[in-house]
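Structural features, examined
Spelled out from the first residue to the last, the chains are:
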Protein chains: 4
Amino acid sequence: MNPPPPRAPDIRTERWFNTDRPIALEKLKGKVVLLHAFQMLCPACVAHGIPQAVRLHEMSRGSDLAVLGIHTVFEHHAAMTAVALEALLHEYRISFPVAVDQPSLDGPIPLTMAAYRMHGTPTTVVIDRDGRLVRHAFGVEDDLALGLLLGSLLSGPRDRGAAKDANARCTEAGCGMP
Amino acid sequence: MNPPPPRAPDIRTERWFNTDRPIALEKLKGKVVLLHAFQMLCPACVAHGIPQAVRLHEMSRGSDLAVLGIHTVFEHHAAMTAVALEALLHEYRISFPVAVDQPSLDGPIPLTMAAYRMHGTPTTVVIDRDGRLVRHAFGVEDDLALGLLLGSLLSGPRDRGAAKDANARCTEAGCGMP
Amino acid sequence: MNPPPPRAPDIRTERWFNTDRPIALEKLKGKVVLLHAFQMLCPACVAHGIPQAVRLHEMSRGSDLAVLGIHTVFEHHAAMTAVALEALLHEYRISFPVAVDQPSLDGPIPLTMAAYRMHGTPTTVVIDRDGRLVRHAFGVEDDLALGLLLGSLLSGPRDRGAAKDANARCTEAGCGMP
Amino acid sequence: MNPPPPRAPDIRTERWFNTDRPIALEKLKGKVVLLHAFQMLCPACVAHGIPQAVRLHEMSRGSDLAVLGIHTVFEHHAAMTAVALEALLHEYRISFPVAVDQPSLDGPIPLTMAAYRMHGTPTTVVIDRDGRLVRHAFGVEDDLALGLLLGSLLSGPRDRGAAKDANARCTEAGCGMP
């Protein structure tokens, strides 16, 4: 029997776009979360990751899926500023909430990126209704596989006690494979 | 409240490939079924529908998803013979069971295609664990949307009595939208 | 200095579609020829090679480019019959002349395919105004590279004596190689 | 008979990347020029135009094709700075010379963009060996059509007197228009 997935670390943010107030993962308990970590000058992010998140956001209106973005800048900091990010959100018609990852005082890697031990961008993070990290993957995510995983999580039971069992079923189904 | 989806009609087949014995939908109760209806000379089928079904079949090994194909020839009957279909299965590495739809004595539309009132090929049919038709769509299916729908159905309860409720939840989540 | 390219071998055909009379390469002297060799059940042919030839045919109306297809069946002969090919031409809206390669009495490889020593399908053959074989490649051809090569050949001098020099200039420019 | 194409206007630049000294179109007489006008936050530019220019640059090494980029920022000026552009050139591995269009004192449209009356980005400009503007198009360029046009220009005669005739032949062939 597999151990339950670990709890998703908090996200540490400097500021937010497309939302009136900061969003804490803790407040999203009961929902399934897709967190898309990107950099605006990362080719695979703008070609694949961002359009995928935008489409998921459109498809999931009215559902329990929360789509969030986080700008995890770890290089070219002078180029990827908040004002540049804001222009990107406009040009790519991104209307879901997007955070700027909290810069580190000690190096180029921002705090959320470090807490999640991300390997780069794009990184896709999926968190279940119980706040557990069920997927954490660097690179381009396959649409079919990501849909299978999110569909299974969205359809699972909503009360916390039953969630562990839902995950087990999902693992059994091999639904999250890339 | 929406009425429950209708029961999926039986499939009427002339012969099968990639299986030792004919498959009846009735025997697949308890599983989720993806039935891909195609013609071998239909451009969108070979470019999109068949590769999508092949990938779903690979991703879902060990799960409760049954992927089936049905060759619903309604034109160019002399070209799309069983021997030609067999060569196609080999060239496109299709290893899931594929049926030849039962020809009609009265016209060009074969019997399963008529029973499902398909508008053409490709047509994607999704049947839930309780044998109900939850999706029936002509044309290219979006990977993300199809994944969301199948994931939700696979993760739903397996006993027949509860299945109706699972579908309701899935509809609530808007999971099957193209 | 490179030797001039070899002369393109004759094509040997059993029958033709989309033309009233057989076409001999000899009669196309003065034109640039794109000869697309394919099999109807070859996935890369229907996904890439055939659509590329169709688009070239549309783009080059009124020019000196002759687009020809040849059905070089070397496997699944019972599946890829002339009647099946005719249906394919209809479904993929292929309106340029297409020949059926002449079957061999000695084995599965048809005669034109053997004369050109093709490695499989799709194979793209480009013949200059002087009847010389300037490209012969197995696999998917890059659109940009093929356009550069054909553009240079179409723009070159039309009299035979000067053709060799035109090729030299093109080779100098490295224009056709991805 | 068509009139000859107009002369390509000069480009007005603020600074250059990937070259030791500014490049004047006047100095490129005798070469064929592909000038790709883009903005770094323009989705179609990074998805299509820039990769196409990068591939043309790679394919045309050793030929008479000069590939140039120009960053024609007409919106989000605070986001698309020179330092941001420099990071983009690095991330997208752009090694051909790229200019920053000269800002206007009178409005958001920079000077080269205005001189060429561009409708937006991406814009593809093709200039023949004689300095004449033979293509000027807003939007995504088709690879095959662009290859045909450039191939024909590259293969044409190099002396100025003959160039007009080469263009005429190319126009006759309808080679560049999809």
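Concerning the overall build of chain A
Scanning chain A from terminus to terminus reveals five helices and six strands. Sequence-ordered secondary structure for chain A, helices as α and strands as β, is β-β-α-β-α-β-α-β-β-α-α. For chain A, the share of sequence-separated contacts (at least 6 apart) that also reach a separation of at least 24 residues comes to 73%. If you sum the accessible surface of chain A, you get close to 7,900 Å²; carbon and sulfur atoms cover 52% of it.

A closer look at the side chain of Gln52 of chain B
Among the secondary structure elements, Gln52 of chain B is positioned in helix 1 (residues 43-59). The class for Gln52 of chain B is buried, based on a relative accessible area of 6%. A distance of 2.7 Å separates a polar atom in the side chain of Gln52 of chain B from a polar atom in the side chain of Asp143 of chain B. Those residues in contact with Gln52 of chain B that lie beyond four places of it in its chain are Leu144 of chain A together with Glu141, Asp142, Asp143 and Leu146 of chain B.

Quick look at the interface of chain C and chain B
Size of an interface, as often reported, equals the accessible area lost when the parts are brought together. Taken together, the contact between chain C and chain B spans 16 residues of the former and 16 residues of the latter. Buried area between chain C and chain B, summed over both chains or domains, comes out near 1,300 Å², and the portion from carbon and sulfur atoms is 69%. The interface formed by chain C and chain B holds zero salt bridges in total. Across the chain C-chain B interface, the total number found is two residue pairs in polar contact (both at pLDDT 80 or more). Looking at the side of chain C that touches chain B, the elements with two or more residues in it are helix 1 (43-59) and helix 2 (82-91) of chain C. When residues of the side of chain C that touches chain B are assigned to their parent elements, the largest contribution, six residues, is made by helix 2 of chain C. Partitioned by chemical class, the residues of the side of chain C that touches chain B number twelve nonpolar, two polar and two charged.

Description of helix 2 (residues 82-91) of chain B
Considered for burial, the residues of helix 2 of chain B that qualify are Ala84, Leu85, Ala87, Leu88, Leu89 and Glu91 of chain B. Where helix 2 of chain B is buried, its residues meet strand 1 (13-17), strand 2 (32-38), helix 1, strand 3 (65-71) and strand 4 (98-101) of chain B together with helix 1 of chain C. Count one or two residues on from helix 2 of chain B and you reach Arg93 of chain B, which has phi positive near 55°.

Details of the relation of the copies chain C and chain B
Of the two same-sequence chains, chain C is brought onto chain B (RMSD 0.0 Å, axial shift 0.0 Å) by a rotation of 180°. Read as a symmetry element, the transformation amounts to a two-fold axis. It is Ala47 of chain C whose C-alpha, among those of chain C, lies nearest the rotation axis, at 3.2 Å. By residue overlap, the copies meet face to face through one surface: 100% of the interface positions of chain C are interface positions in chain B.

Observations regarding the sheet that holds strand 5 (residues 123-127) of chain C
Either a parallel or an antiparallel arrangement is found when strands of a sheet pair, and the pairing is made through backbone hydrogen bonds. All names here are of chain C. Strand order in the open sheet formed by six strands is 1-4-3-2-5-6, with mixed pairing between adjacent strands. Edge positions in the open sheet fall to strand 1 (13-17) and strand 6 (133-138), since each of these has one partner strand only. Between one strand axis and the next, the sheet turns through 20° on average, direction left out of account. The pairing of strand 2 (residues 32-38) with strand 3 (residues 65-71) spans seven bridges and is parallel. Of the residues in strand 3, the one forming a bridge with Ala37 is Ile70.

Concerning the pattern of salt bridges
A full pass over the atoms with the stated rule returns 24 salt bridges over all chains. A salt bridge links Glu141 of chain B to Arg135 of chain B, with the shortest nitrogen-to-oxygen separation between them at 2.7 Å. When sorted by exposure, Glu141 of chain B lands in the same class as Arg135 of chain B, which is buried. Its salt-bridge partner being Asp142 of chain D, residue Arg55 of chain C comes within 2.4 Å of it at the nearest N-O pair. Highlighted residues: Arg55 of chain C in helix 1 and Asp142 of chain D in the loop between strand 6 (133-138) and helix 4 (143-155), drawn from two different chains. Connected via shared salt-bridge partners are Arg55 and Asp143 of chain A together with Asp142 of chain B.

Focus: the state of the cysteines
Residue and element names in this part refer to chain C. Using the criterion set out here, one finds four disulfides over all chains in the structure. Between the sulfur of Cys42 and that of Cys45 lies a disulfide, 2.4 Å long from S to S. The sign of the 80° torsion about the S-S bond sets the Cys42-Cys45 disulfide as right-handed. For the residue pair Cys42 and Cys45, the accessibility class agrees, reading buried in each case.

Examining the sheet that holds strand 3 of chain B
All names here are of chain B. Read from one edge to the other, the open sheet built from six strands follows the order 1-4-3-2-5-6, with strand pairing classed as mixed. Either end of the sheet is taken by a strand with one partner, and the two such strands are strand 1 and strand 6 (133-138). Neighbour to neighbour, the strand axes of the sheet diverge by 20° on average, direction disregarded. As paired elements, strand 1 and strand 4 share four bridges and run antiparallel to each other. Considered in strand 4, the bridge of Arg15 is made with Val100. Against the sheet, helix 2 touches strand 1, strand 2, strand 3 and strand 4, its axis set at about 30° to strand 1.

Here we look at unusual backbone geometry
The omega torsion across Thr121 of chain A and Pro122 of chain A is -5°, close enough to zero to call that bond cis. Considering the arrangement of structural elements, one finds Pro122 of chain A in the loop between helix 3 (111-115) and strand 5 (123-127). One non-glycine residue, Asn18 of chain D, lies in the positive phi region at around 65°. You can see Asn18 of chain D is positioned in the loop between strand 1 (13-17) and strand 2 (32-38).

What to know about the packing of helix 1 of chain B against helix 4 (residues 143-155) of chain B
Describing two packed helices takes the angle between their axes plus the distance from one axis to the other. All names here are of chain B. In the contact formed by helix 1 and helix 4, the axes pass within 12 Å of each other and the chain directions differ by 40°. Viewed along their axes, helix 1 and helix 4 adopt a mutual orientation that is oblique. When the axes of helix 1 and helix 4 are compared, the crossing they make is right-handed. When helix 1 is examined against helix 4, the residues Gln52, Arg55 and Leu56 are found in contact with a partner set consisting of Asp143, Leu146 and Leu150. Each residue belonging to the contact of helix 1 with helix 4 can be placed in one class, and the counts come to three nonpolar, one polar and two charged.

As for the confidence of the model for chain A
Summary statistics for chain A give a mean pLDDT of 88 and a share of 87% for residues scoring 70 or more. In the model, residues 159-178 of chain A has pLDDT below 50 throughout and makes 32 contacts with residues more than four positions away in sequence or in other chains.

Some thoughts on the pairing of strand 5 of chain C
Residue and element names in this part refer to chain C. Burial analysis of strand 5 places five of its five residues in the buried class, the great majority of the element. Burial along strand 5 is two-sided: the residues Thr123, Val125 and Ile127 and Thr124 and Val126 are all buried. Bridge count for strand 2 against strand 5 is five bridges, and the pairing is antiparallel. In the sheet register, Val33 faces strand 5, and the bridge partner there is Ile127. Two strands pair when backbone bridges link them, and strand 5 and strand 6 are joined in this way by five bridges, in the antiparallel orientation. Paired with Val125 across the strands is His136, a residue of strand 6. What sits between strand 5 and strand 6 in their antiparallel hairpin is a turn of five residues, with Gly131 showing a positive phi close to 85°.

Thresholds applied
- Residues numbered from 1 in each chain as written.
- Chains lettered and ligands numbered in written order.
- Predicted model: local features only at pLDDT ≥ 70, side-chain atom pairs only at ≥ 80, totals over all residues.
- Heavy atoms only, no water.
- Helix = DSSP H or I, 4+ residues; strand = E, 2+ residues; numbered from the N terminus.
- Contact = heavy atoms within 4.5 Å.
- Areas by Shrake-Rupley, 256 points an atom, 1.4 Å probe, with all protein chains shown as cover.
- Buried < 20%, exposed > 50% of the residue type's maximum accessible area, 1.4 Å probe, protein only.
- Polar contact = N/O pair within 3.5 Å; in protein donor to acceptor, adjacent residues only side chain to side chain.
- Buried area = accessible area lost by both parts, 1.4 Å probe.
- Salt bridge = Lys/Arg side-chain N within 4 Å of Asp/Glu carboxyl O.
- Nonpolar A, V, L, I, M, F, W, Y, C, P; charged D, E, K, R; others polar.
- Least-squares fit on C-alpha atoms with pLDDT ≥ 70 in both.
- Pairing = 2+ DSSP bridges.
- Axes fitted to C-alpha atoms, helices over the stretch in contact; angles between N-to-C directions.
- Disulfide = S-S within 2.5 Å.
- Parallel < 35°, antiparallel > 145°, perpendicular 65-115°, else oblique.
- Left-handed = near helix turned anticlockwise from the far one by under 90°.
- pLDDT = per-residue confidence, 0-100.

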